[in-house]
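One-letter residues, chain by chain:
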Amino acid sequence: FKNSPENIWYNAEDHIWVESVTNQVKIGKLAGNRNLEFGLKNILEEFLQEKGLDLAPDATQRLKVDIIYLDVLTTKKNISVFHSNEEEVVIRLRGTLYKDGKKDKEVMVEESSSEISMSTLIVDQGGKFNQTSLSNALKKGCDKLITKLLGK
């Protein structure tokens, strides 16, 4: 198989392993959430495979990711009875790429995804994560992180 180091077509640069994803968020609903770590690891692995890399536990390239910040920023505008509300999920990720056990590159990325709602009544639940916005922010952050780390 091509994935086997004994094969003459084997290329170590085409193999990578996501060693760990750590949730370093200190405040908010998702602080210390293990499901967030698991979900982000799955998204990272998916993006790596889309970039043409194979996942292999014995790979010489290893990726460690820390979720540094995750929050909802809310902007509200009220004019008479009209109301506009913009909720933006912001995520910051720090990724470290290791090659042959040595730190090769470290980058920090920030991405966001927003949802705008307008109404004529002021009804506010405030500060809740919209699942779609959270998912979009995670995917955009992972894509940007991998692009900066691997140049792919």
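Bear in mind that the values here come from a model prediction, so they are computed numbers and not experimental data.

Participant: Requested: an account of the overall build of the protein chain, with residues and values cited.
Facilitator: Summing up its helical and strand segments, the protein chain has 2 helices and 5 strands in all. Counting from the amino terminus, helix and strand elements in the protein chain follow one another as β-α-β-β-β-β-α. When contacts within the protein chain are restricted to residue pairs at least 6 apart in sequence, long-range pairs at least 24 apart make up 68% of them. Surface accessibility of the protein chain: about 9,100 Å² in total, with carbon and sulfur atoms responsible for 50%.

Participant: Help me get a handle on the confidence of the model for the protein chain, residues and values and all.
Facilitator: Overall, the prediction assigns the protein chain a mean pLDDT of 79, with 72% of residues at 70 or greater. Element-level mean pLDDT values for the protein chain span from 80 in strand β5 (residues 102–119) up to 92 in strand β1 (residues 15–23). Considering only residues more than four positions removed or in separate chains, one finds that residues 118–127, a stretch of pLDDT under 50, has 17 contacts.

Participant: Summarise helix α2 (residues 131–150); cite the residues concerned and give the values.
Facilitator: For α2, built from 20 residues, the straight-helix expectation of 28 Å at 1.5 Å per residue is met to within 8% by its first-to-last C-alpha distance of 28 Å. Turning to α2, its buried residues number three or more, namely Ser133, Leu134, Ala137, Leu138, Gly141, Cys142, Leu145, Ile146 and Leu149. A positive backbone phi angle near 65° is found at glycine 151, which sits one or two residues after α2.

Participant: Any details on the side chain of aspartate 66? Residues and values, ideally.
Facilitator: With respect to the secondary-structure elements, aspartate 66 resides in strand β3 (residues 61–79). Non-local contacts of aspartate 66, meaning those with residues more than four positions away in its chain, are made with Thr22, Gln24, Arg92, Leu93 and Arg94.

Participant: So, the nonpolar core: which residues are in play, and what are the values?
Facilitator: Counting 30 residues, the largest nonpolar core has Leu40, Leu44, Leu63, Val65, Ile67 and Leu70 as the members making the most contacts within it. Residue assignment for this core shows that the elements contributing at least two residues are β1, α1 (34–50), β3, β4 (82–99), β5 and α2. For this core, the element with the most residues is α2, which contributes 7 residues. Other than its neighbours up to four places away in sequence, leucine 40 contacts Val21, Val65, Ile67, Leu93, Leu138 and Cys142.

Participant: Run through the packing of α1 against α2, naming residues and quoting values.
Facilitator: For the pair α1 and α2, the least separation of the axes is 10 Å and the interaxial angle reads 50°. Judged by the angle between their axes, α1 and α2 are oblique. As α1 runs across α2, the sense of the crossing is right-handed. Along the contact surface, α1 presents Leu36, Leu40, Ile43, Leu44, Phe47 and Leu48, while α2 presents Leu138, Lys139, Cys142, Asp143, Leu145, Ile146 and Leu150. A breakdown of the residues in the contact of α1 with α2 according to their chemical character gives 11 nonpolar, no polar and 2 charged.

Participant: Before we move on, can you summarise the pattern of salt bridges with the specific residues and values?
Facilitator: Applying the stated rule across the entire model yields 10 salt bridges. As a salt-bridge pair, lysine 64 and glutamate 19 come within 3.7 Å of each other at their nearest N and O atoms. Linking lysine 64 in strand β3 with glutamate 19 in strand β1, this pair joins segments that are 45 residues apart in sequence. For lysine 144, the salt bridge is made with glutamate 111, and the minimal N-O distance between the two is 3.5 Å. Here lysine 144, found in helix α2, pairs with glutamate 111, found in strand β5; they are 33 residues apart in sequence, far enough to count as distant. Since its relative accessible area comes to 18%, glutamate 111 is described here as buried.

Reading the values: the criteria
Position numbers for residues start from 1 in each chain and track the written sequence from start to end. Note on the predicted model: pLDDT of at least 70 is required for a residue's local features to be given, and 80 or more for side-chain atom pairs to be given and counted; whole-chain, interface and lining totals, by contrast, use all residues. Here the side-chain values reflect all heavy atoms present in the structure, with hydrogen atoms and water set aside. Numbered from the N terminus, helices here are DSSP runs of H or I no shorter than four residues, and strands are runs of E no shorter than two. Whether two residues are in contact is decided by their heavy atoms: any pair within 4.5 Å suffices. Accessible areas in this description were obtained via Shrake-Rupley with a 1.4 Å probe; residue shielding takes into account the shown protein chains only. The pLDDT value tells you how sure the predictor is about a given residue, anywhere from 0 up to 100. Take the number of residues in a helix, subtract one, and multiply by 1.5 Å to get its expected span. Note on classification: 1.4 Å probe, protein chains only; a residue is buried when its accessible area is under 20% of the maximum for its type, exposed when over 50%, partly exposed between these limits. To define a nonpolar core, start from buried Ala, Val, Leu, Ile, Met, Phe, Trp, Tyr and Cys residues and group those joined through side-chain atoms within 4.5 Å. Angles shown run from 0 to 180 degrees and are taken between the N-to-C directions of axes, each axis being a line fitted to C-alpha atoms and, for helices, limited to the stretch in contact. Any angle that falls under 35 degrees is termed roughly parallel, while one over 145 is termed roughly antiparallel, one within 65 to 115 roughly perpendicular, and all others oblique. Rotating anticlockwise by less than a right angle from the far helix to the near helix defines a left-handed crossing, while the corresponding clockwise rotation defines a right-handed one. Note that Gly is not counted as nonpolar here; it falls among the polar residues with everything else outside the nonpolar set of Ala, Val, Leu, Ile, Met, Phe, Trp, Tyr, Cys and Pro and the charged set of Asp, Glu, Lys and Arg. By convention in these notes, a salt bridge is any Lys or Arg side-chain nitrogen within 4 Å of a carboxyl oxygen on Asp or Glu.

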